[in-house]
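# Analysis of the macromolecular model
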Amino acid sequence: MTNTTDTADTATADAGATKLDWEVTRNLVAKSPQERAEILANPGFGTHFTDHMIDICWSERGGWHRPRVQPYGPITLDPAAAVLHYGQEIFEGLKAYRHEDGSIWSFRPEANAARMQRSARRLALPELPSEYFLDALKQLIAVDGDWVPSAPETSLYLRPYMFAKEAFLGVRPAHKVAFYVIGSPAGAYFHGGIAPVSIWLSTNYARAGKGGTGAAKTGGNYASSLIAQAEATEQGCAQVMFLDSAEGKYLEELGGMNIVLVYKDGTLVTPQSESILEGITRDSVLQLARDRGHTVEQRRVTIDEWREGAASGDIVEVFACGTAAVVTPIAQLKAADFTIGSADAAAGEITMSLRTELTDIQYGRAEDRHGWLTRLSQ
Ligand SMILES: *Cc1c(COP(=O)(O)O)cnc(C)c1O
């Protein structure tokens, strides 16, 4: 197997980055092995956290400094901290996977690091050098590696994030910023087999607009999608689907996942837009499809194309993709005045085999032919 820990990143923020000198403070009230085992037996998603967290400070004068591994716990913030007022915040999401030999790996973390730099530029936050990002993940795994579960399809979800902590109510990019990483064990997303989901088409709300922050991974995009997500839940749907804000015609993405349509001739089509978040899962799945000889098109797709293609039998499968749920078959799209597909539609074959191939690579069960895995454990 050819795994690589090389991160050939040429972003300017990485130039001249020196090695971080970590200050490690162990958690004296860490969970006992037994308590941890109980949590890992049924972790759910996003409710349990490991014993430690990563914290790196940034100031306009001092740059990135004081990298720390510290006990997981509440953060003290000045009530005037800019993030609480103006939402200057970005985040990332990736997973640590335990392989059969016990080693711990992550999937394309340098792509998350690069995307966080792009998000940082859009939100006027400082760029964290990629090697600091990777070093932070390794430091957390060094103290909390036992929190990476080993049952099939489980993982430790890693959440790096950055926010404006300067106490200042004036409106300008903050001069003091914090970067954190926390870890949360994640169970198999689907219990008892992958269940195709229904999604709700939002026509009252848009997620992002031209020139906005749609392509950045920032909390504000989620804040503005919650009302539409609540509407989806009311409609019995798992997720909300957004169209472009200008014409309400072109597919964008779901609240937190990208979308891919599969055509009868094997072509995979995914929306092209300046205002969607470029998913690493989507990029990887499309690469696997290309490897198999599928044609892949990234272009504008209208909701009518989906509607008509599904009716004529030209579009045979649709799936959503993102780190948390990997690849999720979409059974049905519900809109106020029409429906595409049906709630009991079976998962598509291409969807499921791409999902299997991707997870096999992530869990070390298939050859990592693209050098996508980075070892986090020593
Ligand atoms: C994170 C995210 C995705 C999926 O990205 P991955 O890198 O595949 O996890 C898609 N859409 C939005 C809005 C996101 O925030």
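Residues numbered from 1 in each chain as written. Predicted model: local features only at pLDDT ≥ 70, side-chain atom pairs only at ≥ 80, totals over all residues. Heavy atoms only, no water.

Moving on, we come to the overall build of the protein. For the protein, the count of helices and strands is 8 helices and 18 strands. Taken over C-alpha atoms, the radius of gyration comes to 21 Å for the protein, in line with the 21 Å a tight globule of 378 residues would show. Going through the 378 residues of the protein one by one, you find that 52% of them count as buried. Of all intrachain contacts in the protein linking residues separated by at least 6 positions in sequence, the fraction that spans at least 24 positions is 72%. Counting every atom, the protein has about 17,000 Å² of accessible surface; 49% of that belongs to carbon and sulfur. (Helix = DSSP H or I, 4+ residues; strand = E, 2+ residues; numbered from the N terminus. Rg over C-alpha atoms; globule rule 2.2 N^0.38 Å. Buried < 20%, exposed > 50% of the residue type's maximum accessible area, 1.4 Å probe, protein only. Contact = heavy atoms within 4.5 Å. Areas by Shrake-Rupley, 256 points an atom, 1.4 Å probe, with all protein chains shown as cover.)

Attention shifts here to the layout of surface pockets. The space that makes up the largest pocket amounts to roughly 810 Å³. Forming the boundary of the largest pocket are 37 residues, of which Tyr157, Arg159, Tyr222, Gly256 and Ala324 lie nearest the centre. Taken together, the elements giving at least two residues each to the lining of the largest pocket come down to strand 4 (89-91), strand 7 (155-164), strand 8 (176-186), helix 5 (219-234), helix 6 (280-291) and strand 15 (315-322). For the lining of the largest pocket, the element with the highest residue contribution is helix 5, accounting for 5 residues. Each of domain 1 (4-187) and domain 2 (197-362) contributes no fewer than three residues to the lining of the largest pocket. Estimates place the volume of the second largest pocket at around 270 Å³. For the second largest pocket, the lining is made up of 15 residues, of which Asp244, Glu252, Ser273, Ser275 and Arg300 are closest to its centre. Broken down by class, the residue content of the lining of the second largest pocket amounts to 4 nonpolar, 5 polar and 6 charged. (1 Å grid on protein atoms, 1.4 Å probe; cavity = no way out; pocket = protein on both sides within 12 Å on 5 of 7 lines; lining within 4 Å. Points joined across faces, edges and corners; volume = space filled by probe spheres on them. Domains from an automatic or database assignment. Nonpolar A, V, L, I, M, F, W, Y, C, P; charged D, E, K, R; others polar.)

Counting residues in hydrophobic clusters, the biggest one holds 37 residues, and the most contacted among them are Trp64, Phe133, Met162 and Phe179. Elements that contribute at least two residues to this core include exactly helix 1 (33-41), strand 2 (52-59), strand 3 (63-71), strand 5 (94-98), helix 3 (109-122), helix 4 (130-144), strand 7 and strand 8. Sorting elements by how many residues they give to this core places helix 4 first, with 8 residues. With 24 residues, the next largest nonpolar core counts Ile199, Trp306, Val318 and Phe338 among its residues. (Core = buried A, V, L, I, M, F, W, Y, C linked by side-chain atoms within 4.5 Å.)

This brings us to the domain arrangement of the protein. The domains assigned to the protein are domain 1 (4-187) and domain 2 (197-362). The straight-line distance from the C-alpha centre of domain 1 to that of domain 2 is 28 Å. Taken together, the 21 residues of domain 1 in the interface contact 21 residues of domain 2. Approximately 1,700 Å² of surface area, both sides summed, lies buried where domain 1 meets domain 2, with 56% of it carried by carbon and sulfur atoms. Three residues, Phe91, Phe107 and Arg115, lead the burial of domain 1 against domain 2; their summed loss comes to 34% of the area buried on that side. (Buried area = accessible area lost by both parts, 1.4 Å probe.)

What follows concerns the packing of aromatic side chains. The final tally for this structure, using the stated rule, is 10 aromatic pairs. Ring centres 6.1 Å apart and planes at 20 degrees place the aromatic pair tyrosine 161 and phenylalanine 163 in the stacked group. Taken individually, tyrosine 161 and phenylalanine 163 each receive the classification buried, so the pair is uniform in this respect. Ring geometry for phenylalanine 163 and tyrosine 180: centres 5.8 Å apart, planes at 10 degrees, overall stacked. Here phenylalanine 163, found in strand 7, pairs with tyrosine 180, found in strand 8; they are 17 residues apart in sequence, far enough to count as distant. Given the relative accessible area of 6%, phenylalanine 163 is considered buried. Relative accessible area serves as the criterion here: at 7%, tyrosine 180 is assigned to the buried category. Site record: aromatic cluster; members linked through ring pairs are Tyr161, Phe163 and Tyr180. Over the aromatic face of tyrosine 250 sits the side chain of arginine 300, whose NZ or CZ is 3.8 Å from the ring centroid. In this structure, arginine 307 packs its charged tip against the face of phenylalanine 338, placed 3.9 Å from the ring centre. (Phe/Tyr/Trp six-rings, centres within 6.5 Å; stacked < 30°, edge-to-face > 60°. Lys NZ or Arg CZ within 6 Å of the ring centre and 35° of its normal.)

When you tally the buried positions in strand 8, you get 10 out of 11 residues, the bulk of the element. Inspection of the sheet shows strand 7 paired to strand 8 by 10 bridges, in the antiparallel sense. The residue bridging serine 155 from the neighbouring strand is alanine 186, located in strand 8. (Pairing = 2+ DSSP bridges.)

What the rule picks out here adds up to 1 cavity of 30 Å³ or more. Counted as a void, the largest cavity has a volume near 110 Å³. Forming the walls of the largest cavity are 13 residues, and the residues nearest its centre are Tyr97, Phe107, Thr281, Thr323 and Gln362. Listing elements by their share of the lining of the largest cavity, those giving two or more residues are strand 5, helix 6 and helix 8 (349-362). Of all the elements, strand 5 adds the most residues to the lining of the largest cavity, at 3 residues. Looking at the lining of the largest cavity residue by residue, the classes come out as 6 nonpolar, 6 polar and 1 charged. Here the lining of the largest cavity gathers at least three residues from each of two domains, domain 1 (4-187) and domain 2 (197-362).

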